[in-house]
Each structure stands twice: as structure tokens, then as C-alpha cells.
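Examination of the molecular architecture
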Amino acid sequence: MQKSKFLPRGRKDRTVVLVDIRETKSAKAADLFLQVRPGKDFEMLTILRAMIKGEHVTDDQVAETGLTTDVLQDLIERMKKAKFGVMFFGMGLSMTRGKHMNAAALLTLAAEMNAFTKFVAMPMRGHGNVTGADVIMRWQTGYPFGISFNRGYPRYNPGEFSTVDILVRGDTDCAFIIGADPGATMPRPAIEHLAKVPTIVLDPHVTHTSRLSRVHITTAPAGIAAPGTGYRMDEVPMPLRPALNSPYPSDEEVIRRIKEAIAEKPDWMTDQPQMIFSQV
Amino acid sequence: MKPITLKLKREPTVTLEAEVICPDGFAEMSHEQIAASVVYHGKRQVRLDEFFDIEGERSEHLVLHGSLQRVRHLGRGMSCGSMTIHGDVGMHLGALMKGGQIEVFGNVSDWIGAEMSAGEIHVHGSAGQQVGAAYRGSLAGMRGGLIVIDGSAGIEVGMRMRKGTIIIGGPAKDFAGLQMKGGTIILRDGAEIRTGAWMHRGTIISLKPLALMPTFAESGQYNPTFVSVFSRLLRRHGFELPNDPAKGVYQRYAGDRSVPGKGEILIWKGHPEG
């Protein structure tokens, strides 16, 4: 690992703490492993928030998380002594009971740690260019996801406008899926709704979603046969050069051509105009 | 005053945003003006009478009929009059309301009474998530008024609420009173886990035992006087809070110490019979 002026011994000057519900292979690479009881992340993070402020916490209160006050006190001392701390979190936090509030607890803890030392939190991303989608939506609209444009300006309300909730409630009459496979991951009512409405899929492969879609347009795989920009987990943009040629168009080209085709037909909705009164 | 009656004549295929259905505006409108009010069916602007049969005019009392699950923002920011709804209602019912009354004979969806500052909402069925809550990024939820839910409620009841009262008749899900800053939540049938998480101030009264966060501390048993006073106010909604020292006491918990907060959770403990 990189040696630097302030960390001359490289890895030896760094501390890795792993928090998980079971001892995974990563535990070997970590200096400290804390086994937290499943579904008790929110409680553990909340106790940590109390302890960094010097609130007295007893072993009885900590017991339900599967840890002890000594272990947590030691963790807090290490965190406060660090020059720059990073918290990485993943689906174990955001997809278990409590969902967004588990992530919120971790982010708040990171924010509050800045009273003592520099601390940040970073989500561990899954496949593909997830960070890219978030970053682009953020600078275009001000929000990373769960955005509605139906009133002509972006509105943000996860739970109301996020894809899975809209599909589960059946609030759309069409779906346009680009480079994703909700048919493999989303709950059954959402998948049933996708099968019911006209679904258009842009994907290089045949997926669960493309099987239940009305239209599947095969595209060139981004980064392999189509150029573009991929965002690293730490939001650094990386230019992607295609290594292979593909007979298929890129996602961008397909969407551009759909847009052009629509622009050529300005009267495509005359029986149902978008506006009945001219907007001021 | 004869009320305006709106009957849903065809169900919207996508969400219908109808913040125009609000007593404030309709009080001054003729029948033709009401019929020509703009609602948003998805992105399309349509006339109100494309979806509703409308009877009556110039009234601040509205009666709605039909299954309105996809109709959102009803009574947004209303300050007077009343709305009576027969059927299920979609999100944001009575959000930002400043006065008046809403009564629903049916179930309601998420965000009802979000950030309201005064007025009354009574739901005879169950409610969705974030009852009387703060919108994302906003610092304060409900700032006054009263929400009564006879049935159950979803997660984050009264999230970041500052003032006012929420009464849930059935069981509530996780995070009731999350980040509360004031006001009162009464849980007549208890709640699931993490009740009162991160609360700064405010009171949660539960008549059933709760599984509390470890950051709450026990702080005595008593029969608070304010509960009796409060109970008298709630009598017109058809129920009372028990506070007879002969029958039981309230166990008080203080928290949430992670914030660190001065909120209180009162859990009724009845004395065993005999």
C-alpha cells in the first residue's frame, strides 16, 4: 500500500475495521472485526452517536447489538485519533430493516465525527455505472434519484417517485428501461406491472426484463464496444475507449434517434394536447 | 351552505395531481370555473370535469366520492372549510394545510398532513407512511393541528414534527416520532421497533408496551397531570387516555440520548387485576 510523507509505513499506519453480521473473508484483511447482531445496525450507530458525545452508556444498553461498551469505546478512540477516516457501507445497511434510515444513521455519524477529525462516508457500489447516474442527475437537477419532471421542473421524493414504488403501485402506463434489469431484482408486483404495460428495454443482452418487454433494442455494451464515461465509486470520471466493434448502436445513439423521430412529428398527440392553457 | 359534490367518473390511469380541489379556491368559483380547473394527469393538463362529475358551486364544503388512490395533493394548503371524502385517497392529502377539516371514510396513502400548521384530519381507515411528517430536506414536519387515524399507520409517523397532535388507533410501524422536535403522538395500539429514534423533544404516549431504542433511559413512574387534561380534550374524538392511579401508572423514558434529546415516551402500565 502507498507510503506517504504522513503515513511512512503504508498499511501499518492505517487501521481497517470491519463491521458485519458474520466473519467474512474480508475479516482477514481487517485489524479489527466487530460482529453486530443482524438488524441492529441502526441501534449500534445510534449508540456510537451517543458515545462520541460523551454520553454514558452501559453494557446492558449495548447488549442487544451483540457488542460491549469496551469494544465500542476502543472503536471510538481509534476513530477520533485518526487523521482521516472513511466509512464504506453497502447493501447490508441499506436493504435490511430500516433501509434509508440505517444509511442516514451512518451518514449522520460521519457528519458528527467531523467535530473531532476529518471523516467521510461512501457507498460501496454494485455493478455498472451507478455512481455516474447519481452524479449526472445531481448536477442536472439537484437531486440524485427519485425525481419527477411531470410539472416541468424536477421534484424529489423517494418513496413517491422512485422506480420500485411507482411500479409496485402501478402508477405508470409505460416503462423505458436502459441498461438495467429490474425484472431480476424487483418485487413481484413491480415485475407484474412491467409485464402489463408497454415496456421498452435497451440492453446488450437478453435479460429477465427484456423477456417480458414489448420492445427490446439490442445495443452495444458500454465501455466494451461503445465509448462513454464511467464514474468510479469515489466520483472520479473515467473515459472509456471501446476495445471491440459492435454491429449494434450505442444507448446514446438509440435515444438520440428516438428523440429525432418524435421531433419530426409535432402533432403526435393532437387528441390529447399536453397543455390546455398557455403557460404564463 | 350547500356543499360541492365531486364524483370520480373514470379512474385515472396514472397519478392525477389535483391540488385545485381545495375549499379555499372553490369558495369563490362558479360551476364553470370549477369544471375548468386544471388537474395534471401524469404530465398532461386536463379539465377537472374530465375526471369528476361536479355538482354545486361557491361553497367551502366539499364532498368527494370514488376510489381516489391515484389522486394526490387533495386539500393542499387549505385554510378553511371542510372536505369529506368517501373512498380511499392518494398521497399528500391535506399537506401544508393551515385550517379547516378533512374527514376520510376510507384509507389514505403516504404523507397525509405533511408539514400542516393547523386544522384537523380524521381518517376512519388506515394511513400510509410519513403521517404529519417533514418533506425530504425540510427541518420541521407538522407545526400544529390534529391528525386522527382510526386504523394502523406506516413508518415514520410524525417525522420531525414540531407541534400538534397525532393519534393512531391501530398499530404503527417502525420509526414513529423519528427526529421529533415537539408535539404529541398517541399510539393507542403500540408500534413496532425504533419508536422515538433521535427525538429532541416532544411526547409519545403509548397504551401498549413498546420495544425501545437502547439510547432511552428509564426515568420514573407517575401519573402526569397533563394526561388528564389532554384526555378531556380528546373526549370529543370518542376516546380517553387512562390516568387513574388506582388502575396503573405511566412509565417514563427520556431520550434520545444520541442527539442528545429531552423527549419523553410514556408507556401505560396497568396494575394487574386484584
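Procedures and definitions
Residues numbered from 1 in each chain as written. Chains lettered and ligands numbered in written order. Predicted model: local features only at pLDDT ≥ 70, side-chain atom pairs only at ≥ 80, totals over all residues. Helix = DSSP H or I, 4+ residues; strand = E, 2+ residues; numbered from the N terminus. Rg over C-alpha atoms; globule rule 2.2 N^0.38 Å. Buried ≥ 20, exposed ≤ 12 C-beta atoms within 10 Å, placed from the backbone. Contact = placed C-beta atoms within 7 Å. Nonpolar A, V, L, I, M, F, W, Y, C, P; charged D, E, K, R; others polar. Core = buried A, V, L, I, M, F, W, Y, C linked by C-beta atoms within 7 Å. Axes fitted to C-alpha atoms, helices over the stretch in contact; angles between N-to-C directions. Left-handed = near helix turned anticlockwise from the far one by under 90°. Pairing = 2+ DSSP bridges. Parallel < 35°, antiparallel > 145°, perpendicular 65-115°, else oblique.

Focus: the overall build of chain B
Assigned secondary structure in chain B consists of 3 helices and 17 strands. On C-alpha atoms alone, chain B measures out to a radius of gyration of 20 Å, which is about the 19 Å that the 2.2 N^0.38 rule sets for 274 residues. Seen through its principal axes, chain B has C-alpha atoms that stretch 65 × 35 × 25 Å. Burial status across chain B gives 51% buried among its 274 residues. In chain B, 40% of the contacts between residues at least 6 apart in sequence involve partners at least 24 apart.

Section: the overall build of chain A
The number of helices and strands found in chain A is 11 helices and 11 strands. The globule rule puts the C-alpha radius of gyration for 280 residues at 19 Å, and the 24 Å found for chain A is more than 25% above it. Expressed as lengths along the three principal axes of its C-alpha atoms, the size of chain A is roughly 70 × 45 × 40 Å. A buried classification covers 21% of the 280 residues belonging to chain A. Here the contacts in chain A between residues at least 6 apart in sequence split such that 41% fall between residues at least 24 apart.

Let's talk about the interface of chain A and chain B
Every contact between the two is made by 28 residues of chain A and, on the other side, 26 residues of chain B. Residue assignment for the side of chain A that touches chain B shows that the elements contributing at least two residues are helix H1 (41-52) and helix H2 (59-63) of chain A. Looking at the side of chain A that touches chain B element by element, the count peaks at 6 residues for H1(A). A breakdown of the residues in the side of chain A that touches chain B according to their chemical character gives 10 nonpolar, 9 polar and 9 charged.

Considerations on the nonpolar core
Ranked by size, the top nonpolar core spans 98 residues in total, and within it B:Val89, B:Val131, B:Ile149, B:Val157, B:Ile168, B:Ala176 and B:Leu187 carry the most contacts. The biggest single contributor to this core is H1(A), with 7 residues. Dropping the residues within four chain positions of it, B:Ala176 is found in contact with B:Val157, B:Gly158, B:Ile185, B:Leu187, B:Ala191, B:Thr195 and B:Ile204. Core analysis: the next-biggest nonpolar cluster, separate from the first, contains 10 residues, A:Phe161, A:Ile166, A:Leu167 and A:Ala175 among them.

Quick notes on the packing of H1(A) against helix H3 (residues 69-81) of chain A
All names here are of chain A. At a closest axis distance of 10 Å, the pairing of H1 and H3 adopts a crossing angle of 65°. Once H1 is placed against H3, the crossing between them reads as right-handed. Taken together, the residues of H3 that come into contact with H1 (itself represented by Ile47, Leu48, Met51 and Ile52) are Leu72, Gln73 and Ile76. For the contact of H1 with H3, the residue count by class is 6 nonpolar, 1 polar and no charged.

What to know about the environment of B:Ala27
Residue and element names in this part refer to chain B. Assignment of secondary structure puts Ala27 in the loop between helix H1 (23-26) and helix H2 (31-35). Under the C-beta neighbour-count criterion, Ala27 is labelled partly exposed, with 17 such atoms within 10 Å. Once the C-alpha coordinates of Ala27 and Cys80 are considered, the two residues, 53 residues apart in sequence, prove to be 9.5 Å apart. With sequence-adjacent residues up to four places away left out, Ala27 is seen in contact with Arg58, Ser59, Glu60 and Gly81.

Description of unusual backbone geometry
Most peptide bonds take the trans form, and the phi angle of most residues other than glycine is negative. All names here are of chain B. Here the amide bond leading from Gly255 into Asp256 is cis, since omega sits at -5°, within 30 degrees of zero. With respect to the helices and strands, Asp256 occurs in the loop between strand S16 (248-255) and strand S17 (263-270). The peptide bond linking Val259 to Pro260 adopts the cis configuration, its omega dihedral lying at -15°. Relative to the elements of secondary structure, Pro260 occurs in the loop between S16 and S17. Here the phi dihedral of Leu96 falls at roughly 60°; this positive angle occurs in a residue that is not glycine. Residue placement: Leu96 occurs in the loop between strand S8 (82-86) and strand S9 (101-105). Among the residues examined, Leu96 registers 19 C-beta atoms within 10 Å and is labelled partly exposed. One non-glycine residue, Gln130, lies in the positive phi region at around 50°.

Observations concerning the sheet that holds strand S8 (residues 199-203) of chain A
Each strand in a sheet pairs with its neighbour through backbone hydrogen bonds, running either in the same direction (parallel) or in the opposite one (antiparallel). Residue and element names in this part refer to chain A. In spatial order, the strands read S7-S8-S9; together these 3 strands make up an open sheet with parallel pairing. Strands with a single pairing partner mark the edges of an open sheet, and in this sheet they are strand S7 (175-178) and strand S9 (215-218). Here the strands of the sheet are splayed against their neighbours by 10° on average, with no regard to which way each runs. Direction of pairing for S8 relative to S9: parallel, over a ladder of 4 bridges. Paired with Leu202 across the two strands is Ile217, which belongs to S9.

Details of the packing of H1(A) against helix H5 (residues 100-113) of chain A
Residues and elements named next belong to chain A. Where H1 meets H5, the axes come as close as 9 Å, and the angle between the chain directions of the two elements is 20°. In terms of axis orientation, H1 runs roughly parallel to H5. When the axes of H1 and H5 are compared, the crossing they make is left-handed. Judged by residue contacts, Asp41, Phe42, Leu45, Thr46, Leu48, Arg49 and Ile52 of H1 engage Met101, Asn102, Ala105, Leu106, Thr108, Leu109, Glu112 and Met113 from H5. When the residues that make up the contact of H1 with H5 are grouped by side-chain class, the tally is 9 nonpolar, 3 polar and 3 charged.

The values are spatial; any link to function lies outside them.
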